[in-house]
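# Descriptive structure summary
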Amino acid sequence: MKTALIAVIAIASALSSVPAHAGKTADAIRARGQLACGVSTGVAGFSAADSKGEWRGMDVDFCRALAAAVLKDPSKVRWSPLTSQQRFTALQSGEIDILSRNTTWTLGRDAGQGLVYAGYMFIDGQGFLVHKRSKVNEARQLNGAEICVQTGTTTEKNLAEFARANRIQFKTLMFENLRAVLKAFFSGRCQAFTADASALASIRANDSGKPEDYVVLPDRISKEPLGPVVRRGDEDWFALVRWAIFALLEAEERGITRANVDTVRQRSDDPAVQRLLGVSEDVGKPLGLDREWVYRMLKAVGNYGEIFERNVGPESLLQLPRGINALPRDGGVMYSPPLR
Amino acid sequence: MKVRAYALQAAIVAAVLLALYGLATLVAAKMRGLGVEPGFGFLWQRAGFDIGDTLIAFDAADTYGRAFLVGLLNTVSVAAVAIVASLGLGGALGLGQLARNRLLARLCEAYVELFRNVPLLLQVLIVYVLLIGRLPLPQEAWSLGPDVWLSKSGLALPWPTFTDVGLMLERPVLGRFTFSGGAMLTPEFLSVAAALTLFTAAYIAEVVRGSVQAVSRRQTEAAQALGLNDAQTLRFVVVPQALRSMIPPLANQLLNLIKNSSLAVAVGYPDLVAVADTTLNQSGHAVECIAIIMAVYLTLSLITAALMGGWHGRLLRQQGGYP
Ligand SMILES: N[C@@H](CCC(=O)N[C@@H](CS)C(=O)NCC(=O)O)C(=O)O
């Protein structure tokens, strides 16, 4: 039903034909006094409301950082929880300014749908979650099994491709809603649940009730680079979001953290650091921001590494290794071009 | 006078068509702006997703168009099962409410009140959660007769299939994870069919009760004076007369049932709407997919209305019109 509603909104907005010229999104955000951020309906570690209704997670922190940069207040965010099905229509129709929600960067989505990806937040791959009693050790052994999957995802297509490539068959059970699919899986309706491995780690730790009874199989059957998405046609907003990610990475590279940012700003004589924090040069201006935008982002949520560790890292509930999401110097691919 | 009326109607039709054309052009332009080529050509593209519950063969290499066909057949089959079952159950409950036996009548009334007042979506979810929660794993399936097994995977049944040696009854066999072979009525199908039946039966019961009560008491008295017993009175005197006033509201209930079957999405039964939602999302052709959904439900509704209307007309002719 909600899909239909969003489709209607999409049609209505098509008619009113909101112009999407340069800088319009940031202007609209300032006029509204709030960033409209699309998140998931609840994948702990990435975006989920805690028991007090407070949104938490990596994707959530990124929106807070943006609000800190644009509105000078990380709390000025309006959260829109969206299922896999609803997310793109919500962005296309202008209901949200940014989709910051475990969403895979693919060619079709980046080019064919009026959307554009601003970068990577988390590079992942698709995996399978099974109950230990199934005694399955690798995905291919699931031949003939019933597999639960959420629709509107890259996941459902990868699953079909994996089956074909390996000449095995699955009975696919598709659900629109994450809660419904989890209910089905944890009731034993299907023998495996397939999704991004990071989401599976989250679901195992947070939603299973008994993490020790479940395992995420070692197979990664696809590439799932997850990152924030914006509408096409507003290059200024796109650039701002993209460079916000780079700034968070650059801060990690330079060792600037939430805790030390004030001291570093006063004391450091490293030109790159001075520039990043707006002490020497103004790296906000080309983006339509003031010179302290990076400082505010770091005060609000910390650098990329801190965001990772706090929400999904080895010490968190999800216990995910940094792996490919590390900086290049640590063997990862999270590279930022020079901020100058 | 006539000419002017026709001219006015023609003008209205033309205006509506023009407005629709304008709307379509605007939407198409906006879609092109988003990089999506509007039109129904995508129906011939490869779908790329699998559907678990299908009446005809389907896999990821088939087209979006065939996926829609799978969804349509699922919608029609779940609705057809629920229509037959709810007519039976609703008819019985409607007559039951009028029974001389007080307890039976109260029980039927209680049923109607309960199932009419709980939202259908909730009923679908409750039945589904009960099924997948309470049924055993496939390895411990309950045997309900020779080669009939009930488990979390659903109701596995033998099913006739064509083989080299002719038509054979194929039996479901338990594999490592679940049953294969034969036919499987999944919990998704069963919960949608059951909830639609339970819910609609409550409304049908009211229609039946009202129509029967609308038949004049004198008819019953006259029938009994002629020596007909209760069952005969009902069958030969009351029901034929009640049917006439019953069919139009009954048709409404069936139309509602067909549209309500779209709640299947909630439990992952791949009906037309579920398939359309997935397609819409994967292909980006939102407007076309919604248009298909609308066209299909409209067609199904018109067919149902025409069938019920035909039945009503025939009944009126047979009975010589309204008294
Ligand atoms: N990365 C994949 C899958 C993302 C996805 O939506 N995953 C599901 C399964 S964990 C999810 O996050 N659902 C949360 C929701 O619908 O609220 C994609 O972009 O298609």
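On a predicted model such as this, the values are computed, not experimentally measured, just so you know. (Residues numbered from 1 in each chain as written. Chains lettered and ligands numbered in written order. Predicted model: local features only at pLDDT ≥ 70, side-chain atom pairs only at ≥ 80, totals over all residues. Heavy atoms only, no water.)

### Concerning the sheet that holds strand β3 (residues 154–157) of chain B
- Spatial strand order, β1-β2-β3-β8 (chain B): four strands in an open sheet with antiparallel pairing. Of all the strands in the sheet, the pair left with one neighbour each is β1 (142–143) and β8 (183–185) of chain B. (Pairing = 2+ DSSP bridges. Helix = DSSP H or I, 4+ residues; strand = E, 2+ residues; numbered from the N terminus.)

### Describing the domain arrangement of chain A
Residues and elements named next belong to chain A.
- With domains assigned, chain A is organised as domain 1 (23–123 + 226–330) and domain 2 (126–222).
- Once you take the C-alpha centre of each, domain 1 and domain 2 turn out to be 29 Å apart.
- Here domain 1 meets domain 2 over a buried area of about 1300 Å², counting both sides, of which 53% is carbon and sulfur.
- When the area that domain 1 buries against domain 2 is broken down by residue, the three leading residues are Ser 84, Gln 85 and Leu 317, summing to 31%.
- Linking domain 1 with domain 2 are zero salt bridges, by the criterion used here.
- At the junction of domain 1 with domain 2, the criterion picks out five residue pairs in polar contact (both at pLDDT 80 or more). (Domains from an automatic or database assignment. Buried area = accessible area lost by both parts, 1.4 Å probe. Salt bridge = Lys/Arg side-chain N within 4 Å of Asp/Glu carboxyl O. Polar contact = N/O pair within 3.5 Å; in protein donor to acceptor, adjacent residues only side chain to side chain.)

### With respect to the packing of aromatic side chains
All names here are of chain A.
- According to the stated counting rule, one finds 21 aromatic pairs over all chains in the structure shown.
- Aromatic side chains Phe 128 and Phe 170 sit 6.3 Å apart centroid to centroid with 50 degrees between the ring planes, which places their arrangement in the tilted category. One end of the pair, Phe 128, is in strand β8 (residues 126–131); the other, Phe 170, is in the loop between α6 (154–165) and β10 (171–175), and 42 residues separate them in sequence.
- Phe 170 gets classed as buried once you look at its relative accessible area, which sits at 11%.
- One aromatic cluster in this structure is built from Phe 46, Phe 122, Tyr 304 and Phe 308.
- The ring centre of Tyr 295 lies 3.6 Å from the NZ or CZ of Arg 265, which sits over that ring.
- A cation over an aromatic ring shows up here: Arg 322 above the ring of Phe 308, its NZ or CZ 5.3 Å from the ring centre. (Phe/Tyr/Trp six-rings, centres within 6.5 Å; stacked < 30°, edge-to-face > 60°. Buried < 20%, exposed > 50% of the residue type's maximum accessible area, 1.4 Å probe, protein only. Lys NZ or Arg CZ within 6 Å of the ring centre and 35° of its normal.)

### Description of the interface of chain A and chain B
- Contacts between the two partners involve 46 residues from chain A, matched on the other side by 44 residues from chain B.
- Summing the contributions of chain A and of chain B, the shared interface buries around 3500 Å²; its carbon and sulfur component is 57%.
- The interface formed by chain A and chain B contains two salt bridges.
- The salt bridge involving Glu188(B) is made with Arg189(A); its shortest N-O contact spans 2.8 Å.
- Summed over the shared surface of chain A and chain B, the number is 11 residue pairs in polar contact (both at pLDDT 80 or more).
- The set of elements that each furnish at least two residues to the side of chain A that touches chain B consists of α1 (2–16), α4 (87–92), α6, β10 and α7 (178–186) of chain A. (Contact = heavy atoms within 4.5 Å.)

### Considerations on the site of the ligand
Residues and elements named next belong to chain A.
- Near the ligand you find 21 residues, and of these Thr 41, Ser 84, Thr 104, Gln 150 and Asp 196 are the closest.
- Note that an oxygen atom of the ligand is positioned 2.8 Å from one of the side-chain N or O atoms of Asn 102.
- Between the ligand and Thr 154, the relevant distance is 2.8 Å, taken from an oxygen atom to a main-chain nitrogen or oxygen of the residue.
- Under a 2 Å grid-point criterion requiring more than half of the atoms, the pocket assigned to the ligand is the second largest cavity.
- The set of elements that each furnish at least two residues to the shell around the ligand consists of α6 and β13 (224–226). (Near = heavy atom within 4 Å. 1 Å grid on protein atoms, 1.4 Å probe; cavity = no way out; pocket = protein on both sides within 12 Å on 5 of 7 lines; lining within 4 Å. Sits in = over half its atoms within 2 Å of the grid points.)

### Focus on the confidence of the model for chain A
- Summary statistics for chain A give a mean pLDDT of 92 and a share of 94% for residues scoring 70 or more.
- When the criterion is pLDDT under 50, residues 14–22 of chain A qualifies, and its contacts beyond four places in sequence or with other chains add up to 14 contacts. (pLDDT = per-residue confidence, 0-100.)

### Re helix α12 (residues 293–301) of chain A
Residue and element names in this part refer to chain A.
- Across the nine residues that make up α12, a large majority, eight, are buried.
- The complete set of buried residues in α12 reads Trp 293, Val 294, Tyr 295, Arg 296, Met 297, Leu 298, Ala 300 and Val 301.
- Where the residues of α12 are buried, they touch α3 (58–71), α9 (235–253), α10 (261–267), α11 (271–276) and α13 (304–311).
- Downstream of α12 by a residue or two, Gly 302 has a phi angle that is positive, lying close to 85 degrees.

### What to know about the domain arrangement of chain B
- Annotation of chain B at the domain level lists domain 1 (2–38) and domain 2 (83–267).
- Taken over C-alpha atoms, the centre of domain 1 of chain B sits 43 Å from the centre of domain 2 of chain B.

### What about empty space enclosed by the protein?
Residue and element names in this part refer to chain A.
- This model, assessed by the stated rule, comprises three cavities of 30 Å³ or more.
- A volume near 250 Å³ is recorded for the second largest cavity.
- In terms of lining residues, the second largest cavity is bounded by 24 residues, among which Ser 84, Asn 102, Gln 150, Thr 153 and Asp 196 are the most central.
- Of all the elements in the fold, those that place two or more residues in the lining of the second largest cavity are β9 (146–150), α6, β11 (192–196) and α8 (197–206).
- Looking at the lining of the second largest cavity, the element that brings in the most residues is β11, giving four residues.
- Both of domain 1 (23–123 + 226–330) and domain 2 (126–222) provide at least three residues apiece to the lining of the second largest cavity. (Points joined across faces, edges and corners; volume = space filled by probe spheres on them.)

### Examining the side chain of Glu206(B)
- Secondary-structure assignment places Glu206(B) in helix α5 (residues 187–214).
- A distance of 2.8 Å separates a polar atom in the side chain of Glu206(B) from a polar atom in the side chain of Arg209(B).

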